[in-house]
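What the coordinates show
In case you want the letters, here they are:
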Amino acid sequence: MASADKPINTDVPEKDVFALHFLQSLSNLRRQNTFNSPEKTNDRVKKIKKAAYVSMARAAGGTNRLWSRALLRRAAKENNKIVRFPRRKKRVTCLRRRSNRRDPVEEEEAERLRNLVPGGGGMGTSKLMEETAHYIKCLSMQVKVMQCLVDGLAPK
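Cut-offs applied
Residues numbered from 1 in each chain as written. Predicted model: local features only at pLDDT ≥ 70, side-chain atom pairs only at ≥ 80, totals over all residues. Heavy atoms only, no water. UniProt positions renumbered as here; feature names shortened; annotations may be inferred. Core = buried A, V, L, I, M, F, W, Y, C linked by side-chain atoms within 4.5 Å. Buried < 20%, exposed > 50% of the residue type's maximum accessible area, 1.4 Å probe, protein only. Helix = DSSP H or I, 4+ residues; strand = E, 2+ residues; numbered from the N terminus. Contact = heavy atoms within 4.5 Å. Expected span 1.5 Å × (residues − 1). Axes fitted to C-alpha atoms, helices over the stretch in contact; angles between N-to-C directions. Parallel < 35°, antiparallel > 145°, perpendicular 65-115°, else oblique. Nonpolar A, V, L, I, M, F, W, Y, C, P; charged D, E, K, R; others polar. Phe/Tyr/Trp six-rings, centres within 6.5 Å; stacked < 30°, edge-to-face > 60°.

The name given to the protein chain in an unreviewed UniProt entry is IBH1-like N-terminal domain-containing protein, with Brassica cretica as the source organism. Per UniProt, the comment on the protein chain under Subcellular location (unreviewed entry) is "Nucleus".

See the structure below:
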């Protein structure tokens with residue numbers, strides 16, 4: 001849980017870092033030139049989507065965020081690669097005594113959120129909210145960069 005003396009860090013990575021990674025990935029895909037036939041369109045869409053998510057995770061600092069680690073692991077797993085990230089030191093915190101009663105509606109909503117955020121399965125509620133805020137900001141940045149690319153490539 002965040003305290004008053006330590007603000008929650010939800011900085012969004014630089015757009016240019018994401019754009020650089022994404023354009024490099026697209027360039028690599030184009031060089032492979034394996035998508036000439038119409039039957040391969042679905043594969044092309046999947047690879048472009050994967051390139052966008054991996055680029056976003058790398059721009060967010062790679063292993064600094066739980067959701068970015070989850071995206072990078074998923075991408076590596078799809079490539080049949082084994083990826084190990086260095087273990088992070090766990091902070092020792094003082095646990096507050098909570099009542100055993102939790103609002104079932106809150107738990108249901110938190111569970112829905114855990115299913116949406118990559119790597120959200122094992123997070124506590126406060127960490128889940130922090131990671132979700134950062135993930136949403138990064139998705140928004142991703143959309144803006146992609147829109148700029150489309151606008152720049154569209155005929156005028």
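The next thing to look at is the nonpolar core. In this structure, Phe18, Met56, Trp67, Leu71 and Tyr135 are the most contacted members of the largest nonpolar core, which totals 23 residues. Secondary-structure elements contributing two or more residues to this core are helix 1 (15–32), helix 2 (41–59), helix 3 (66–78), helix 4 (104–116) and helix 5 (125–153). Looking at this core element by element, the count peaks at six residues for helix 2. Here Met56 is in contact with Phe18, Trp67, Leu71, Tyr135, Cys138, Leu139 and Gln142, once residues within four sequence places are set aside.

Here helix 5 spans 42 Å end to end across 29 residues, near enough to the 42 Å set by a 1.5 Å rise per residue. Turning to helix 5, its buried residues number three or more, namely Leu128, Glu130, Glu131, Thr132, His134, Tyr135, Cys138, Met141, Gln142 and Val145. Where helix 5 is buried, its residues meet helix 1, helix 2, helix 3 and helix 4.

Moving on to the packing of helix 3 against helix 5. Interaxial distance between helix 3 and helix 5 falls to 9 Å at its minimum, and their mutual angle equals 65°. The angle between helix 3 and helix 5 falls in the class roughly perpendicular. Here helix 3 contributes Leu66, Trp67 and Leu71 to the contact with helix 5, which in turn contributes Lys127, Glu131, His134, Tyr135 and Cys138. Tallied by class, the residues present in the contact of helix 3 with helix 5 amount to five nonpolar, one polar and two charged.

Let's shift gears to the packing of aromatic side chains. One pass over the structure, following the stated rule, counts two aromatic pairs. With centroids separated by 5.5 Å and ring planes inclined at 10°, the aromatic side chains of Phe18 and Phe22 adopt a geometry described as stacked. Within this pair, Phe18 and its partner Phe22 are both found in helix 1, separated by four residues, close to a single helical turn. In this structure, Phe18 and Phe22 share a single accessibility class: buried.

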